[in-house]
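This is what each chain is made of:
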Amino acid sequence: MLSTIPFSLLELVPMQQNASVTQTLSNSTQYAQKADQLGFNRFWLAEHHNMPGIVCAATSILIGHIAGQTERIRVGSGGIMLPNHSTLVVAEQFGTLDSLYPGRIDLGLGRAPGSDNITSQALNSDPQRAQRFPEEVSELQRLLGPYNGNSAVRAIPGEDTNVPIWLLGSSLFSAQLAAQKGLPYVFAGHFAPRFLKEAASLYRREFKPSATLDKPYFMLALPVVAAETDQQAEYLSTTSKQRVLALMRGQPLWLKPPVDSMSGLWTAQEKAQVENFLSLSVIGGPTSIKHKLDIIAKQLAVDEFIFTNDLYDNQDRQRALEILISVKEQ
């Protein structure tokens, strides 16, 4: 079954504490190139602000860079946090990207700020923007579609590029909106597993065919830790556990080396919170990875997987991609 399901990657451009931004961006570029060579379908970048350890604030710039350094893979946003941006600017930026790299650009949209409240205010002085998300999605569809003959404001470039728009979500709101608009939908299982089954069911149940899609298209974001053996994968997974623990404590999100045991690093309550956050993690060697993904794909009728792969060592990250593709081809 996995052989027919596209595999994609969601990148936050993770940074080690002792690394430079330049080196971190170079590592992510090499990672994208490896994904391109192996045949992954998409490489999406997620907008985050004011988060030491995540170097993905200027998302559209990074999309252009990665697209320019790869050949085949689709590159896009997972996502652009629309309340932080003018719809016209987003349309112009992605229209430009699509014109530079025709047929390879995706526009994934979210309605969260991608930051804390203070940073959100610094990005956008209007706290009500998120409530207008449905209207702004419609406006983006108009700006990226063919000229209607009477609009005073046009995206030049952008107009008639018809850049594919995806809606991202971790609750039922975007699932319902994507269904109503007939758009593809991505559930953020990599950090918010709680509403997964409800959101997937709601999206498929309420989907209305559109000029974009004649049937639902559901992509699931999952954290993955793939290694040669289950034991090695469990060891490598302590990097992401330390990172989520830092997030919950309000600390910088540097990638930290894996540890033999998390004992002593967290309290019992923190352990439960981190494990809940990462409850959809797919961790293991090739056999375990395949078994877990097969079950998830069948239970949720997943059309495409998009993986986060936050390992400390760059060679481990790239080896994980090889393991994922080998699992897909079995």
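Preceding this paragraph is the structure being described.
Residues numbered from 1 in each chain as written. Predicted model: local features only at pLDDT ≥ 70, side-chain atom pairs only at ≥ 80, totals over all residues. Heavy atoms only, no water.

Chemist: Even after reading the chapter, I still don't get unusual backbone geometry, so can you show me in this structure?
Modeler: That bond from glycine 78 to glycine 79 is cis: its omega, 5°, falls within 30 degrees of zero. Relative to the assigned elements, glycine 79 resides in strand S3 (residues 74-81). Although it is not a glycine, valine 13 sits at a positive phi angle of roughly 55°. Examined against the element boundaries, valine 13 turns out to sit in the loop between strand S1 (7-11) and helix H1 (21-38). The class for valine 13 is buried, based on a relative accessible area of 1%. Of note, the phi angle at asparagine 50 is positive, near 55°, even though the residue is not glycine. Tracing the backbone shows asparagine 50 in the loop between strand S2 (42-45) and helix H2 (59-69). Residue asparagine 50 is classed as exposed on the basis of its relative accessible area of 56%. (Helix = DSSP H or I, 4+ residues; strand = E, 2+ residues; numbered from the N terminus. Buried < 20%, exposed > 50% of the residue type's maximum accessible area, 1.4 Å probe, protein only.)

Chemist: How do you make sense of the nonpolar core when you look at a structure like this?
Modeler: Nonpolar side chains in soluble globular proteins tend to end up buried together. Grouped together as the largest cluster of nonpolar side chains are 93 residues, with contacts concentrated most on Leu107, Leu109, Phe218, Leu220, Leu293 and Phe305. Examining the composition of this core, we find that eight residues originate from one element, strand S7 (residues 218-226), more than from any other. Discounting residues that sit within four places of it in the chain, leucine 107 has contacts with Ser77, Ile80, Val90, Phe94, Leu140, Leu144, Val163, Pro164, Ile165 and Trp166. In this structure, Val244, Met262, Trp266 and Phe277 belong to the second largest nonpolar core, which totals seven residues. (Core = buried A, V, L, I, M, F, W, Y, C linked by side-chain atoms within 4.5 Å. Contact = heavy atoms within 4.5 Å.)

Chemist: Please explain the packing of helix H11 (residues 286-300) against helix H12 (residues 314-329) as it appears in this structure.
Modeler: To characterise two packed helices, one gives the angle between the axes of the helices and the distance between these axes. Two numbers describe how H11 lies on H12: the axes approach to 9 Å, and their chain directions differ by 60°. Classified by the angle between their axes, H11 and H12 sit oblique to one another. H12 is crossed by H11, and the crossing has right-handed handedness. Contacts from Pro286, Ile289, Lys290 and Leu293 of H11 reach H12 at Ile323, Leu324 and Val327. Taken together, the residues that form the contact of H11 with H12 break down as six nonpolar, no polar and one charged. (Axes fitted to C-alpha atoms, helices over the stretch in contact; angles between N-to-C directions. Parallel < 35°, antiparallel > 145°, perpendicular 65-115°, else oblique. Left-handed = near helix turned anticlockwise from the far one by under 90°. Nonpolar A, V, L, I, M, F, W, Y, C, P; charged D, E, K, R; others polar.)

Chemist: Looking at this model, I keep getting lost on the environment of leucine 25. Mind explaining?
Modeler: Inspection of the secondary structure puts leucine 25 in helix H1. Those residues within four positions of leucine 25 in sequence are excluded, and the remaining contacts are Val13, Val55 and Leu62.

Chemist: Would you mind showing me how to read the side chain of histidine 49 here?
Modeler: Tracing the chain through its elements places histidine 49 in the loop between S2 and H2. A polar contact of 2.5 Å, which involves the side chain of histidine 49, links it to the side chain of glutamate 47. (Polar contact = N/O pair within 3.5 Å; in protein donor to acceptor, adjacent residues only side chain to side chain.)

Chemist: Is there a simple way to explain the packing of aromatic side chains in this structure?
Modeler: As enumerated under the stated definition, the model contains 10 aromatic pairs in all. Pairing tyrosine 203 with phenylalanine 207 gives two aromatic rings, centres 5.7 Å apart and planes at 80°, and the pair type is edge-to-face. On the accessibility criterion, tyrosine 203 (0% relative accessible area) is buried. An aromatic cluster of three or more residues is present, and its members are Tyr185, Tyr203, Phe207 and Phe218. When the ring centre of phenylalanine 173 is taken as origin, the NZ or CZ atom of arginine 111, which lies over that ring, is 3.8 Å away. Lying across the ring of phenylalanine 7, lysine 328 places its NZ or CZ 5.1 Å from the centre. (Phe/Tyr/Trp six-rings, centres within 6.5 Å; stacked < 30°, edge-to-face > 60°. Lys NZ or Arg CZ within 6 Å of the ring centre and 35° of its normal.)

Chemist: Please explain the pattern of salt bridges as it appears in this structure.
Modeler: Proximity of charged atoms lets side chains of opposite charge pair with each other. One pass over the full model with this rule turns up 16 salt bridges. The partner of glutamate 304 in a salt bridge is arginine 42, and the shortest N-O contact between them spans 2.9 Å. A residue pair is termed long-range when its members are at least 10 positions apart, and glutamate 304 in strand S9 (residues 304-308) and arginine 42 in strand S2 qualify at 262 residues. Residue glutamate 304 shares its accessibility class with arginine 42, and that shared class is buried. One salt bridge in this structure joins arginine 142 and glutamate 139, with 2.7 Å as the shortest N-O distance. On the criterion of helical spacing, the pair formed by arginine 142 and glutamate 139 is a turn pair, its members being three residues apart in helix H5 (residues 133-144). Overall, arginine 142 belongs to the partly exposed group, its relative accessible area being 27%. (Salt bridge = Lys/Arg side-chain N within 4 Å of Asp/Glu carboxyl O.)

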